Amino acid sequence: MEQMSSTGRPVQITVTDGYDLKGFKGETPVTFIRAEFNQMVLGDSAKVMVSAEGTAKYNFTSSFEFNPEGGITLDDIAHKPVFLTMTEVLPKEKKQKDEKTLILGQAVVDLLPLLEGESSFETMAPLHPVPGSPLEPLRLSVKDREFRNQAECIKKRIIWDLESRCYLDPPAVVSFQKRIADCRFWPVEITRVPLTIAPKGKAAKFDKADDESQLSFHGVAYVNMVPLLYPGVKRIRGAFHVYPYLDSTVYEKTKCSFSLFRDTGHNLVQNNKIGGINSPLSKPAVSKNVKEDKTVKEKDIEGKPRPGDMQPPSIKSQSSDTPLEVEPPLSHNPEGQQYVEAGTYIVLEIQLDKALVPKRMPEELARRVKEMIPPRPPLTRRTGGAQKAVSDYHMQVKNISRAILDEYHRMFGKQVAKLGSDMDSETLEEQKCQLNYELNCSGKYFAFKEQLKHAVVRIVREKYLKTTSFESQEELQTFISELYVFLVDQMHVALNQTMPDDIQGTVPTIYTSSEQLRLFAFEAEVNENFEMAAVYYEERLVREPQNLEHWLDYGAFCLLTEDNIKAQECFQKALSLNQNHIQSLLLCGVLAVLMENYEQAEIFFEDATCLEPTNVVAWTLLGLYYEIQNNDIRMEMAFHEAFKQLQARMLQAQIMKQRSIGTVEYIEEGGKVEESSLGPWGITNGSSATAIKVEAPADDFLEESSKLQSDSREHIISTQSQDPTISQKPSNILLKEMPVKKETSKCQDSSTVLYPSPYGVSQTPATIFMETIRFLMKVNAVQYVQRVLAHELLCPQGGPSCEYYLVLAQTHLLKKDFAKAEECLQQAAQMDYLNPNVWGVKGHLYFLSGNHAEAKACYERTISFVVDASEMHFIFLRLGQIYLEEKEYEKAKKTYLQACKRSPSCLTWLGLGIACYRLEEFTEAEDALSEANALNNYNAEVWAYLALVSLKAGRQLEAEQAYKYTMKLKLKDETLLAEIHMVQETVGFGNPSF
């Protein structure tokens with residue numbers, strides 16, 4: 001391709017074919033194509049007859065010259081499209097001198113690919129018909145008809161046929177970012193202009209006074225540009241309310257001290273020509289979206305985004321926050337006030353080819369997590385180990401016992417068969433001596449010792465980890481004594497397995513499930529028996545070391561005991577088992593924040609949002625992290641995304657609820673037109689299209705620019721209007737962007753079921769912060785909860801609600817601050833008097849503070865509600881304990897029975913057994929106490945009551961055994977111990993020390 005000048009480069013546009021064409025006259029109309037660019041006509045094609053199939057071959061080439069030093073520049077190519085207008089030439093009538101033409105439609109070609117490094121590209125451009133054109137669809141579906149009726153007939157609206165582009169070089173990008181960071185809101189002015197157009201050549205001669213005389217209905221919309229500084233965001237789009245233009249308000253919100261229309265000599269008439277006004281088609285018949293319009297009383301309104309056009313000079317001129325000398329602000333704007341009264345809004349979209357702030361890719365985040373916490377494959381079972389060594393020892397004992405028994409039968413089998421059960425002890429002792437003599441003389445005894453030797457050595461090495469010599473003789477003797485006791489005990493175990501006692505049956509063992517162990521551990525937590533709770537958690541880990549839920553539960557327990565280092569180890573272990581587990585990632589992030597390892601925290605939180613972009617808690621925790629880092633922009637981004645996901649989930653739940661009752665309304669945003677199948681060129685069947693080929697020189701087209709391509713994932717942020725009266729505090733602005741109806745009580749509607757609540761009563765999660773609080777309270781991250789509660793208190797959709805005061809009361813209970821907890825519960829009760837959780841927590845408060853009378857009243861009220869509270873297990877346990885203290889044994893029995901049916905544990909069966917014992921129902925008491933003992937045989941109180949039941953039943957041996965374990969486990973209840981001694985003295989047995 002030949003260069004046209006030393007500095008210019010040609011750009012050629014070739015129109016090859018047209019498809020599905022129709023004309024006003026005849027089946028084979030004659031048409032031609034006119035190409036326009038930058039308000040210049042590039043040329044007309046030859047007149048071509050359309051075939052009967054509706055196709056035409058134009059092969060029309062036009063061109064223009066690109067010159068970066070002047071004329072058509074980079075900005076023009078980015079900013080302005082090529083217009084292709086199709087015109088039909090009508091047949092001449094009699095006595096007609098000139099040809100008549102009618103416009104059929106217009107196509108638009110975007111030249112942006114040339115700025116992205118392409119030297120040639122082809123595209124299929126749809127031909128938009130003008131109103132009344134035969135290219136318009138003849139038949140409309142019901143849906144299309146309703147949409148067109150709404151968009152073009154009923155509502156008053158304006159559609160701007162304008163898409164403005166510009167090229168930003170690196171310095172302009174830096175200036176653009178700085179301007180957004182300095183001032184988040186950018187003004188978009190709107191005003192009414194007359195329809196009269198100035199004569200040619202005089203458009204630029206309007207002076208300021210003329211402009212001001214035309215400024216009627218002067219309004220402004222405030223566009224929040226901050227989302228463009230969010231990582232990976234390339235596009236913002238939203239509907240923005242129009243407010244009256246007032247100098248003081250505009251300067252306060254945008255730091256702009258001038259009006260583009262009034263103060264800069266902007267020519268409204270010349271501005272009207274942007275977007276191809278001088279081309280035959282001034283307005284396309286098909287709009288992008290019904291929300292692209294706005295409801296106003298006037299139809300001839302012109303809007304101009306000032307900073308939004310992203311011209312570098314404009315950015316530089318507004319990059320300073322220094323106030324300039326301005327005219328006194330207008331006291332009022334009555335015409336502009338009509339925008340507010342009518343609810344006028346405009347829809348704007350700003351899109352970048354490459355995000356201003358790059359975002360970490362999911363692969364990079366996964367790699368960083370893998371580097372910090374390497375994945376751990378499941379451990380393979382070892383063939384050796386302590387358990388295998390003991391098992392081998394058992395096997396050798398069984399083999400030797402069989403060999404000795406065979407030798408005994410060989411020597412004394414006939415004698416035993418003859419004497420039978422009449423054999424006395426002297427005969428048995430004599431047979432034993434003869435057997436020992438025979439084994440020693442024959443060498444079998446030595447062989448048996450050698451057979452056991454290897455098994456014992458493995459026990460020493462694997463069980464006792466002794467692989468080196470002992471330092472002293474005393475240490476050796478101590479170890480031999482310990483080893484001897486262990487070997488003898490294990491020998492008895494092996495012999496009992498080989499020759500079980502036929503008289504006494506095997507005792508059935510009750511296997512406790514992982515869920516039961518979790519319940520027992522939780523009971524120990526609530527009773528502040530942390531040592532026993534740790535035993536239960538560790539037993540779960542020993543049983544299933546590859547179950548990450550067990551590690552998370554143990555880590556939450558460590559958070560409760562403020563052992564953050566061990567909690568972090570547990571959460572990292574869970575994450576190593578599954579590096580895509582969201583809860584593990586979030587908890588690792590929380591611990592990293594608590595331990596001030598902020599770099600790792602960001603990685604964990606970001607990875608969680610990438611793996612599950614709809615997770616509200618993940619986005620909220622990421623926002624809280626950015627708040628700690630004083631990064632307000634990213635904090636807003638994370639909170640906004642969390643709020644959007646919460647809104648979407650609530651809407652989905654509402655739709656599902658409507659479907660269940662058969663009253664679903666399908667609401668299409670903006671009234672989308674029904675789509676039909678795509679043709680072979682990707683164009684909807686039934687519409688006209690034009691094939692265009694655009695070429696540029698094969699050499700580097702844009703040496704001055706970098707290739708504007710981004711591999712990062714695009715995030716679309718929808719923004720809302722900003723009331724000028726709202727302060728610019730980040731946390732408040734964000735949540736006021738999309739207002740929702742605020743309820744007076746978040747806990748009032750207990751019948752609404754959307755998401756499970758940790759507080760028993762089903763509630764709609766009102767805010768992102770309350771949902772995060774629920775997550776943190778579940779894992780005992782109380783240190784983190786205080787920060788989130790502060791956000792909930794300031795949140796426009798949140799505030800001091802019933803659930804807020806409940807959570808606050810629980811944090812005070814953990815600190816034993818009963819006075820503040822009671823104040824919070826009083827506030828919660830005033831907001832929702834019928835919430836069972838309020839009465840349940842109040843009962844716990846009075847129980848812990850020693851006021852059992854008030855606790856009893858609160859617990860009884862709680863269990864009387866139809867809807868259960870969240871902690872019914874402990875409510876039953878503590879209410880039953882109060883009944884026992886007040887000697888209301890029948891009520892205690894019923895209460896503990898309910899607890900046993902819901903979630904049986906050692907404590908529930910113990911309470912039931914005590915109640916039955918006091919009612920002198922000894923059989924039922926023994927059954928209940930046996931169940932309790934089977935679940936936990938280390939409870940001294942269970943053994944104590946078993947001793948009492950055995951004493952009452954007259955079973956001396958069982959009474960003495962139960963009493964022995966009662967004393968061994970150190971029963972702390974002196975009153976109960978005194979009662980046992982009194983019953984022992986009464987019956988005359990039960991204490992072997994008598």
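Rules used throughout
Residues numbered from 1 in each chain as written. Predicted model: local features only at pLDDT ≥ 70, side-chain atom pairs only at ≥ 80, totals over all residues. Heavy atoms only, no water. Helix = DSSP H or I, 4+ residues; strand = E, 2+ residues; numbered from the N terminus. Buried < 20%, exposed > 50% of the residue type's maximum accessible area, 1.4 Å probe, protein only. Contact = heavy atoms within 4.5 Å. Areas by Shrake-Rupley, 256 points an atom, 1.4 Å probe, with all protein chains shown as cover. 1 Å grid on protein atoms, 1.4 Å probe; cavity = no way out; pocket = protein on both sides within 12 Å on 5 of 7 lines; lining within 4 Å. Points joined across faces, edges and corners; volume = space filled by probe spheres on them. Nonpolar A, V, L, I, M, F, W, Y, C, P; charged D, E, K, R; others polar. UniProt positions renumbered as here; feature names shortened; annotations may be inferred. Phe/Tyr/Trp six-rings, centres within 6.5 Å; stacked < 30°, edge-to-face > 60°. Lys NZ or Arg CZ within 6 Å of the ring centre and 35° of its normal. Salt bridge = Lys/Arg side-chain N within 4 Å of Asp/Glu carboxyl O. Core = buried A, V, L, I, M, F, W, Y, C linked by side-chain atoms within 4.5 Å. Expected span 1.5 Å × (residues − 1). Arc of directions from axis to C-beta. Pairing = 2+ DSSP bridges. Axes fitted to C-alpha atoms, helices over the stretch in contact; angles between N-to-C directions. Parallel < 35°, antiparallel > 145°, perpendicular 65-115°, else oblique. Left-handed = near helix turned anticlockwise from the far one by under 90°. pLDDT = per-residue confidence, 0-100.

Trainee: Any chance you could explain the overall build of the protein here in plain terms?
Mentor: Within the protein, the regular secondary structure consists of 36 helices and 16 strands. When the 994 residues of the protein are sorted by exposure, 46% land in the buried category. Partitioning the contacts of the protein with sequence separation of at least 6, the portion at a separation of at least 24 is 70%. With the model as given, the accessible surface of the protein reaches about 52,400 Å², and the carbon-plus-sulfur share is 52%.

Trainee: Mind showing me how you'd approach empty space enclosed by the protein here?
Mentor: A probe as big as a water molecule, rolled over the atoms, marks out the empty space that is left. Overall, the coordinates contain 6 cavities of 30 Å³ or more when judged by the stated rule. Approximately 60 Å³ is the volume found for the second largest cavity. Together, 10 residues line the second largest cavity, and Asn837, Gly840, Val841, Ser870 and Glu871 are the ones closest to its centre. With 4 residues, the top contributor of residues to the lining of the second largest cavity is helix α28 (residues 836–848). Here the lining of the second largest cavity is built from residues that sort into 4 nonpolar, 5 polar and 1 charged.

Trainee: Sorry if this is basic, but what is going on with the UniProt feature "repeat: TPR" (unreviewed entry) in the protein here?
Mentor: As annotated by UniProt and renumbered to match this structure, "repeat: TPR" (unreviewed entry) occupies residues 873–906. Strand forms 0% of residues 873–906 and helix 82%; the C-alpha atoms that close the span are 13 Å apart.

Trainee: Looking at this model, I keep getting lost on unusual backbone geometry. Mind explaining?
Mentor: Working note: non-glycine residues mostly have negative phi, and peptide bonds are mostly trans. A positive phi angle, near 55 degrees, is found at Asn38, a position not held by glycine. Locating Asn38 in the fold gives a position in the loop between β2 (30–37) and β3 (40–44).

Trainee: What is the right way to read the packing of aromatic side chains from this model?
Mentor: For any two aromatic rings, the description comes down to two numbers: the centre-to-centre distance and the angle of the planes. Counting across every chain of the model gives 21 aromatic pairs. With a centroid separation of 5.2 Å and 90 degrees between ring planes, the pair formed by Tyr833 and Trp839 is classed as edge-to-face. Aromatic side chains Tyr917 and Phe922 sit 5.6 Å apart centroid to centroid with 55 degrees between the ring planes, which places their arrangement in the tilted category. Taken together, the ring pairs in this structure connect Tyr464, Phe470, Phe479 and Phe486 into an aromatic cluster. The ring of Trp839 carries Arg861 above its face, with NZ or CZ at 4.2 Å from the centroid.

Trainee: Whenever I open this one, the pattern of salt bridges confuses me. Can you help?
Mentor: For side chains bearing opposite charge, pairing can occur when the charged atoms are close. For the coordinates displayed, the defined rule picks out 32 salt bridges. The salt bridge involving Arg360 is made with Glu602; its shortest N-O contact spans 3.7 Å. With Arg360 in the loop between β14 (345–351) and α10 (362–372) and Glu602 in helix α20 (residues 598–611), the pair connects residues that are 242 residues apart, well separated along the chain. Classification of Arg360 as partly exposed rests on a relative accessible area of 25%. Residue classification places Glu602 among the buried positions, given a relative accessible area of 13%. Among the ionic pairs, Asp392 bridges to Lys388, the shortest N-O distance being 3.1 Å. Here Lys388 and Asp392 lie together in helix α11 (residues 386–419), a separation of 4 residues that amounts to about one turn. Given a relative accessible area of 17%, Asp392 falls into the buried group. A single network of salt bridges, built from pairs that share partners, joins Arg360, Glu602, Glu606 and Arg634.

Trainee: What is the right way to look at the nonpolar core in this model?
Mentor: In globular proteins that are soluble, nonpolar side chains generally tend to be buried together. Counting 167 residues, the largest nonpolar core has Phe605, Leu621 and Tyr784 as the members making the most contacts within it. Among the elements that line this core, the one with the most residues is helix α34 (residues 940–953), at 10 residues. Beyond its immediate sequence surroundings of up to four residues, Phe605 is in contact with Leu586, Gly589, Val590, Val593, Leu621, Leu622, Tyr625 and Tyr784. In terms of nonpolar packing, the next biggest core, distinct from the first, is built from 34 residues, Val15, Ile33, Leu112 and Phe121 among them.

Trainee: So what exactly am I meant to see when it comes to helix α4 (residues 170–182) here?
Mentor: The periodicity of an α-helix, 3.6 residues per turn, causes residues three or four places apart in sequence to face the same way. Its 13 residues place the ends of α4 18 Å apart at the C-alpha level, agreeing with the 18 Å of an ideal helix rising 1.5 Å per residue. Buried within α4 we find Ala172, Ser175, Phe176, Arg179 and Ile180. Down the axis of α4, the sector holding all buried residues measures 135 degrees, keeping them to one side. Away from its buried face, by an angle of more than 90 degrees, α4 presents the exposed residues Pro170, Pro171 and Val174.

Trainee: Got a minute to help me understand the pairing of β3 in this structure?
Mentor: Remember that side chains alternate between the two faces of the sheet whenever the strand is regular. Across 4 bridges, the pairing between β2 and β3 is antiparallel. Opposite Ala35, over in β3, you have Gly43 as the bridge partner.

Trainee: Can you help me understand the packing of helix α32 (residues 906–918) against α34 in this one?
Mentor: Packed helices, taken two at a time, are described by their axes: the angle between them and the distance between them. It is at 11 Å that the axes of α32 and α34 come closest, and there the two elements cross at 30 degrees. Our classification of the angle between α32 and α34 gives roughly parallel. The hand of the α32/α34 crossing is left-handed. Across from Cys906, Leu910, Ile914, Tyr917 and Arg918 in α32, the residues of α34 making contact are Glu941, Val942, Tyr945, Leu948, Val949 and Lys952.

Trainee: Any chance you could explain the confidence of the model for the protein here in plain terms?
Mentor: Residue-level pLDDT values for the protein average 76, and 75% of them are 70 or greater. Predicted confidence is poor over residues 202–212, with pLDDT under 50, and the contacts of this stretch with residues over four places away or in other chains come to 16 contacts. Note on residues 663–686: pLDDT under 50 across the span, and 34 contacts to partners over four residues away in sequence or across chains.

Trainee: Just to check I follow, could you spell out the environment of Tyr917 for this structure?
Mentor: Tracing the backbone shows Tyr917 in helix α32. Between the alpha carbons of Tyr917 and Leu929 there is a distance of 9.7 Å; along the sequence they are 12 residues apart. With residues up to four places along the chain from it excluded, the contact list for Tyr917 reads Phe922, Ala925, Tyr945, Leu948, Val949, Lys952 and Glu979.

Trainee: How should helix α29 (residues 852–864) be read in this particular structure?
Mentor: Counted at 1.5 Å a residue, the expected span for α29 with its 13 residues is 18 Å, and the 18 Å between its end C-alpha atoms agrees. Those residues of α29 that sit buried are His852, Ala855, Lys856, Cys858, Tyr859 and Thr862. The elements touched by buried residues of α29 are α28 and α30 (872–885).

Trainee: Quick question: what am I supposed to make of the environment of Ala389 here?
Mentor: Turning to its location among the elements, Ala389 is positioned in helix α11. Classification of Ala389 as buried rests on a relative accessible area of 2%. Along the chain, Ala389 and Arg458 lie 69 residues apart, while their C-alpha atoms are 5.6 Å from each other. Residues within four places of Ala389 in sequence aside, it is in contact with Arg458, Ile459 and Glu462.

Trainee: Even after reading the chapter, I still don't get the packing of helix α19 (residues 582–594) against helix α21 (residues 616–628), so can you show me in this structure?
Mentor: The N-to-C vectors of α19 and α21 enclose an angle of 15 degrees; their axes lie 11 Å apart at closest approach. The angle between α19 and α21 places the two elements in the roughly parallel class. Considering the relative orientation of α19 and α21, their crossing is left-handed. The residues of α21 that touch α19, namely those facing Leu586, Val590 and Val593, are Val617, Ala618, Leu621, Tyr625 and Ile628. Broken down by class, the residue content of the contact of α19 with α21 amounts to 8 nonpolar, no polar and no charged.

Trainee: Teacher, can you tell me more about the environment of Gln337 here?
Mentor: One can find Gln337 in helix α9 (residues 334–342). For the pair formed by Gln337 and Pro244, sequence separation is 93 residues and the distance between their alpha carbons is 5.2 Å.

Trainee: Explanation requested: the pairing of strand β12 (residues 233–244) in the structure shown.
Mentor: Burial analysis of β12 places 9 of its 12 residues in the buried class, which makes it a mostly covered element. Bridge analysis of strand β11 (residues 216–224) against β12 gives 3 bridges, and the strand direction is antiparallel. What sits directly across from Val220, in β12, is Tyr243. Pairing of β12 with β14, which is carried by 7 bridges, proceeds in the antiparallel orientation. By the bridge assignment, Ala239 is partnered in β14 with Val347.

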